[in-house]
Amino acid sequence: MKTVFSPLHAGHAGNVELIAGAVVPAFEKPSRAEFIKARVESEELGPILPPESHDLAAAKKVHTDDYIDFLPTVWPLWEASGRSGSAIPFTWPTRGLRGDVRPKTIDAQLGFYSFDGGATFVKGTWDAIKSSYDVALTAAALVKAGEPSAFALCRPPGHHAGAAFMGGYCFINNAAVVAQWFRDQGARRVSILDVDYHHGNGTQEIFYSRGDIQVINLHGDPMTEYPFFLGHADERGAGPGEGFNHNYPMPFGTSWDAWNASLEDGCAKLTAYAPDVVIVSLGVDTFEKDPISQFKLKSADYPKIGRRIARLGLPTLFVMEGGYAVEEIGINAVGVLTGFEDR
Ligand code: 6XA
Ligand code: ZN
């Protein structure tokens, strides 16, 4: 399997986040991608290719124009206002406030275009976001050209980003971009299978009213887990999208047997839908030692995930999302991919 990777991710570094009342170095850090790349190499998964540069038209098919135009302006506006450090949103237009007016200052716009303080900018962030987007589209083109599978080693991740908001380390929704791109290239139906520990609220929001892109999410129950405000089992899609969104919320402590039962059910839904291509939002923060997550999957479980996905028998694009147990993130992510290749 070919991997697409860009070193430009590394400029998105040195961020901080607020967690459990403390400001700490962000868990989403450059070493994550480097550990995965090193494991791709040591397991000899296949060649590692650089991305080709794409314009932002494909991003604007799933995000609003103004949101995408905003992202590259953040750091210049932040610096122009005399700031350094991380640009972090801190005020949101929640219930009872005006969400229909876009204010002028950088602080206000950060809040206007986010749902939490978890998507933060430093100087190299925009170039990293753009490279992650290019990685996803370049890997998608490999599958379109006939590769049975490809791995988009994206960083930053994407599945929390909605049509007009960032959050949870995510800016451009890479999986959503490539799902739409496959549709525009002639795929009749596309399935997104999101196995990250956290609900992919952005992906769900983007395709909630669509019947041509099926979204399946396995994740921590939002009653107790981030992102808290989406991801319940009764969210099944709306209008023409009704019945094409499937959520599998699971409790803290879930281990392989129960998680795998959800995967089996999700795979049955996927097979019944009969898509032309599958996009896997590949998060490995389901791991028992993940520092911010509460599931109990073991390293030996990840190849089993890959094997099950391979049995779908469909062209498959893996798009990297979360996973923070840095020592093991490479073993687990690449374990899914070698399992897919049944080796
Ligand atoms: C809250 C936790 C963000 C989780 C991001 C993630 N700061 N999403 O892994 O998949
Ligand atoms: Zn996650």
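Refer to the structure printed above.
Residues numbered from 1 in each chain as written. Chains lettered and ligands numbered in written order. Predicted model: local features only at pLDDT ≥ 70, side-chain atom pairs only at ≥ 80, totals over all residues. Heavy atoms only, no water.

Participant: Tell me about the coordination of the zinc ion (ligand 2), and name the residues and values.
Facilitator: Taken together, the protein donors to the zinc ion (ligand 2) comprise Asp196 (OD), His198 (ND1) and Asp285 (OD), at separations of 2.0 to 2.1 Å. In the primary structure, the donors to the zinc ion (ligand 2) are separated according to the pattern D-x1-H-x86-D. Within this pair, whereas Asp196 is found in the loop between strand S6 (190-194) and helix H7 (201-207), its partner Asp285 is found in the loop between strand S9 (277-282) and helix H9 (302-310), the two being separated by 89 residues in sequence. For Asp196, a relative accessible area of 1% puts it in the buried group. (Donors = N, O, S within 2.8 Å, 3.2 Å for Na, K, Ca; no water. Helix = DSSP H or I, 4+ residues; strand = E, 2+ residues; numbered from the N terminus. Buried < 20%, exposed > 50% of the residue type's maximum accessible area, 1.4 Å probe, protein only.)

Participant: So what's going on with the pattern of salt bridges? Which residues, and what values?
Facilitator: Following the criterion strictly, the structure yields 22 salt bridges and no others. The closest approach of N and O atoms between Asp276 and Arg188, which form a salt bridge, is 2.9 Å. Taken together, the residues Asp276 in the loop between helix H8 (256-273) and S9 and Arg188 in the loop between helix H6 (174-184) and S6 connect sequence positions 88 residues apart. Classification of Asp276 by relative accessible area gives partly exposed; the value is 24%. Accessibility expressed as a relative area gives 55% for Arg188, which makes it exposed. Here Lys289 and Glu328 are joined by a salt bridge, their closest N and O atoms 3.2 Å apart. Residue Lys289 is found in the loop between S9 and H9, and its partner Glu328 is found in helix H10 (residues 326-340); the two are separated by 39 residues along the sequence. Salt bridges sharing common partners tie together Glu28, Arg32 and Arg155. (Salt bridge = Lys/Arg side-chain N within 4 Å of Asp/Glu carboxyl O.)

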